[in-house]
Amino acid sequence: MNSVIEAINHRRSTRCFEEKPVPKEVLNMIVEAGNQAPYTSMTRSQPWRFVVVQDQAFKQKLFQTTFPIWKQSIEGMKTISLELYEMAMSLYNAMEEPKDVVYYNAPAIVFVIGPADNAVSCALACENIMIAAESLGLGSCYVGFGAMVKGNTEVTQTLELKADEAIYGPILLGYPKVNPPTEVATALEKIGPNKKDAQIKWIYP
Ligand SMILES: Cc1cc2nc3c(=O)[nH]c(=O)nc-3n(C[C@H](O)[C@H](O)[C@H](O)COP(=O)(O)O)c2cc1C
């Protein structure tokens, strides 16, 4: 099959990574693919920039910032969808320390940062990154919770986040763990996607 179609069809969110760093050249290739995404001509050139994090201390700061928000949201989910709450908690309980349920201890985190009013273009860059990662044998995950860092000035200053900017992704990157612990694998299976067939209306001669 065509290798691009294969990468698109095969990509699934990865939430368990090997503790193996991703070489900078590989990350650079992936981010460059993100940079080739289409964008609205209103901005004349790409509206986004990228921040690539592999630093452990900064990753820890990110987790300390976003975990309380994750926890509060998941608690709030109890009344909205007990099923979703239980899915999230089963993964949390199965995880070994550090229970990083936001960034899943991914070796690399890519923040796509762009205008708050240009989500479409920036989301296209995110998708390019995830497909490029898949084509190179890496797993990826778009983690909306991972963007909730505005409460930590140190983090926003390091990301150089301006008032009119938003974070898209971030996108986790790393080598998928080959043999996750059984409890983690079971929890991940439950979280796994619930894909339906494409709903297509053909308007055709
Ligand atoms: C806007 C957005 C936010 C997401 N946020 C999270 C998140 O915070 N944590 C997470 O584990 N997955 C997150 N995901 C991944 C989705 O859960 C996942 O893409 C979806 O279940 C489909 O599964 P697939 O990516 O394996 O095809 C997010 C995806 C999108 C597009």
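Here the residue numbering is sequential within each chain, running from 1 through the sequence in written order. In view of the model being predicted, local features appear only for residues whose pLDDT reaches at least 70, and side-chain atom pairs are presented and counted only at 80 or more, with totals across whole chains, interfaces and linings using the full set of residues. The side-chain figures draw on all heavy atoms in the structure; neither hydrogens nor water molecules are used.

Draft legend 1. View of the packing of helix α4 (residues 82-94) against helix α7 (residues 182-191). With their axes 8 Å apart at the nearest point, α4 and α7 run at an angle of 160 degrees to one another. Considering their axes alone, α4 and α7 lie roughly antiparallel with respect to each other. The crossing of α4 and α7 is left-handed. Every residue of α7 that contacts α4 at M87, S90, L91, N93 and A94 is listed here: E183, V184, A187, L188, K190 and I191. Each axis is a line fitted through C-alpha atoms, taken for helices only over the stretch in contact, and angles between the N-to-C directions span 0 to 180 degrees. Runs of H or I in DSSP of at least four residues are treated as helices and runs of E of at least two as strands, each being numbered from the N terminus. Note that the term roughly parallel is reserved for angles under 35 degrees, roughly antiparallel for angles over 145, roughly perpendicular for angles of 65 to 115, and oblique for everything else. Should the near helix be turned counterclockwise from the far one by less than a right angle, the crossing is left-handed, whereas a clockwise turn marks it as right-handed. Residue contacts are counted whenever heavy atoms from the two residues lie within 4.5 Å of one another.

Draft legend 2. Region of interest: the packing of aromatic side chains. Side-chain rings of Phe, Tyr and Trp, where Trp is taken by its six-membered ring, are said to pair if the distance between their centres is within 6.5 Å; with planes under 30 degrees apart they count as stacked, over 60 as edge-to-face, and otherwise as tilted. All told, the structure shown has six aromatic pairs when counted by the stated rule. On the basis of an interplanar angle of 15 degrees and a centroid distance of 5.8 Å, the ring pair of F67 and W70 is categorised as stacked. Of this pair, F67 and W70 both sit in helix α3 (residues 56-80), separated by three residues, roughly a single helical turn. We note that F67, like W70, is buried. Here the term buried applies to any residue with accessible area under 20% of the maximum for its type, exposed to any over 50%, and partly exposed to those in between, with areas from a 1.4 Å probe on protein chains only.

Draft legend 3. Examining α7 more closely. Buried residues of α7: V184, A187, L188 and I191, and no others. Buried residues of α7 fall within an arc of 100 degrees about the axis and therefore sit on the same side. Pointing more than 90 degrees away from the buried face of α7 are the exposed residues T182, E189 and K190. Where α7 is buried, its residues meet α4. The arc in question is formed by the directions pointing from the helix axis toward the C-beta atoms.

Geometric values such as these leave the question of function open.
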